[in-house]
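# Architecture at a glance
Below, each chain spelled out in residue letters.
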Amino acid sequence: MTDRSLTLSAPAKINLYLGVHTERDDRGYHRVDSLMAAVGLSDTVTVTPAQALTVQTVPASDFPMQKNTAYRAAVAMAEHYGREANICVTIEKRIPLCAGLGGPSTDAAAVIVALAELWGIDRTDPALDDIARGIGADVPFFLHASPAFYVGGGDVLATEYPALPATPVVLVKPREASVSTIEAYRRFDEAPVPADKPGAIASALRAGDAETAYALIHNNLGVISAQMEPQIQTVLDWLRKQDGTVAVDVCGSGACSFAICDTAATAERLAEAAQQNGWWSCATELIPNTVRVEGLISGLNRTH
């Protein structure tokens, strides 16, 4: 095992478009069209050499490390490449869980990227996407550029688009609110909400027309999530009333919502106001890159 240590930035995502459909694939998964964009809010993932695979989070998780997506990603990488994943993974959590921001997915992607770097595996190896897909639908997105459009079960890359401007975004989540994705899909099946067609927003992004793209933001699963968790609807209504919001919607299946803002000052102002309302919030911006290596230390285990 290499004696290098890596530090990676693992960003959150928002859905500029999420279209869930009633038909399912041969795995039993709903057909999902998902257009995602990365934001500056991120976890920090540090990978260091160890005697055996361990995963720890800061603050500490309340479930066994074997259930952590980062642990599962390391095991899957080791199995595929016939290597020993003797690493300690430390995840500094800033992305809230059960928010629709992709926190567990981006952490898993960071481990895949780290092991590919440490083992000398080409980042374009298609096996990395297959491994990511086996961990979760959003994981492949974090291996590629942002924004990007995914089809299938929301896990097959269809198109990567030109980078968006560093557009200000505010994220707002009721502190105690959470939505079970499985339950959201079950409720969707009971009373499906039709999805807008993604062609118009895809064309706008292809042309680099961010203003038009933002006007077409859509999430038909978010409608279900807001019905399940009334606090989500309260946040959406509040954001839509605020001056300077360009577009507002739910992040994935919730429970976080986002607003595209006209200026960074608007995003900061709304984040502060949301906190005064007792909600978790973060002022951030859209970024073009997904998981990236921030730092590398060689010779970590050498004595001096």
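None of these values were measured; they are calculated from a predicted model.

Nonpolar side chains in soluble globular proteins generally cluster together in the buried interior. Judged by nonpolar contacts, the single largest core of 43 residues is most densely connected at V89 and I112. Of all the secondary-structure elements, those providing two or more residues to this core are β1 (5-24), β2 (30-49), α1 (69-81), β4 (87-92), α2 (103-119), α3 (126-135) and β5 (148-151). In terms of residue count, α2 provides more of this core than any other element does, eleven residues in total. Within the second largest apolar cluster, 32 residues are counted, among which are L16, L164, L171 and Y214.

Scored by pLDDT, the protein chain comes out at a mean of 93, with 97% of its residues at no less than 70. Confidence over residues 299-304 falls short of pLDDT 50; this stretch has eight contacts with residues more than four positions distant or in other chains.

What follows covers the pattern of salt bridges. Opposite charge on two side chains permits them to pair, given that their charged atoms come into close proximity. All chains considered together, the criterion is met by 13 salt bridges. The residue R186 makes a salt bridge to E190 at a minimum N-O spacing of 2.4 Å. Highlighted residues: R186 and E190, both in helix α4 (residues 181-190), separated by four residues, approximately one helical turn. Residue classification places E190 among the exposed positions, given a relative accessible area of 54%. Where salt bridges share partners, they join E183, R186, R187 and E190 into one cluster.

Look at α4 against helix α7 (residues 220-228): their axes get within 9 Å of each other, and the N-to-C directions meet at 105°. When the axis of α4 is compared with that of α7, the two are roughly perpendicular. Residues E183, A184, Y185, R187 and F188 of α4 pack against N220, L221, I224, S225 and M228 of α7. Partitioning the contact of α4 with α7 into residue classes produces six nonpolar, two polar and two charged.

Regions of empty space are outlined by a rolling probe, equal in size to a water molecule, passed over the atoms. Scanning all chains against the criterion turns up one cavity of 30 Å³ or more. Its boundaries defined by the atoms lining it, the largest cavity holds a volume of some 40 Å³. The set of elements that each furnish at least two residues to the lining of the largest cavity consists of β2 and β11 (279-287). Residues of the lining of the largest cavity, tallied by class, amount to nine nonpolar, one polar and no charged.

The rules we used
Residues numbered from 1 in each chain as written. Predicted model: local features only at pLDDT ≥ 70, side-chain atom pairs only at ≥ 80, totals over all residues. Heavy atoms only, no water. Core = buried A, V, L, I, M, F, W, Y, C linked by side-chain atoms within 4.5 Å. Buried < 20%, exposed > 50% of the residue type's maximum accessible area, 1.4 Å probe, protein only. Helix = DSSP H or I, 4+ residues; strand = E, 2+ residues; numbered from the N terminus. pLDDT = per-residue confidence, 0-100. Contact = heavy atoms within 4.5 Å. Salt bridge = Lys/Arg side-chain N within 4 Å of Asp/Glu carboxyl O. Axes fitted to C-alpha atoms, helices over the stretch in contact; angles between N-to-C directions. Parallel < 35°, antiparallel > 145°, perpendicular 65-115°, else oblique. Nonpolar A, V, L, I, M, F, W, Y, C, P; charged D, E, K, R; others polar. 1 Å grid on protein atoms, 1.4 Å probe; cavity = no way out; pocket = protein on both sides within 12 Å on 5 of 7 lines; lining within 4 Å. Points joined across faces, edges and corners; volume = space filled by probe spheres on them.

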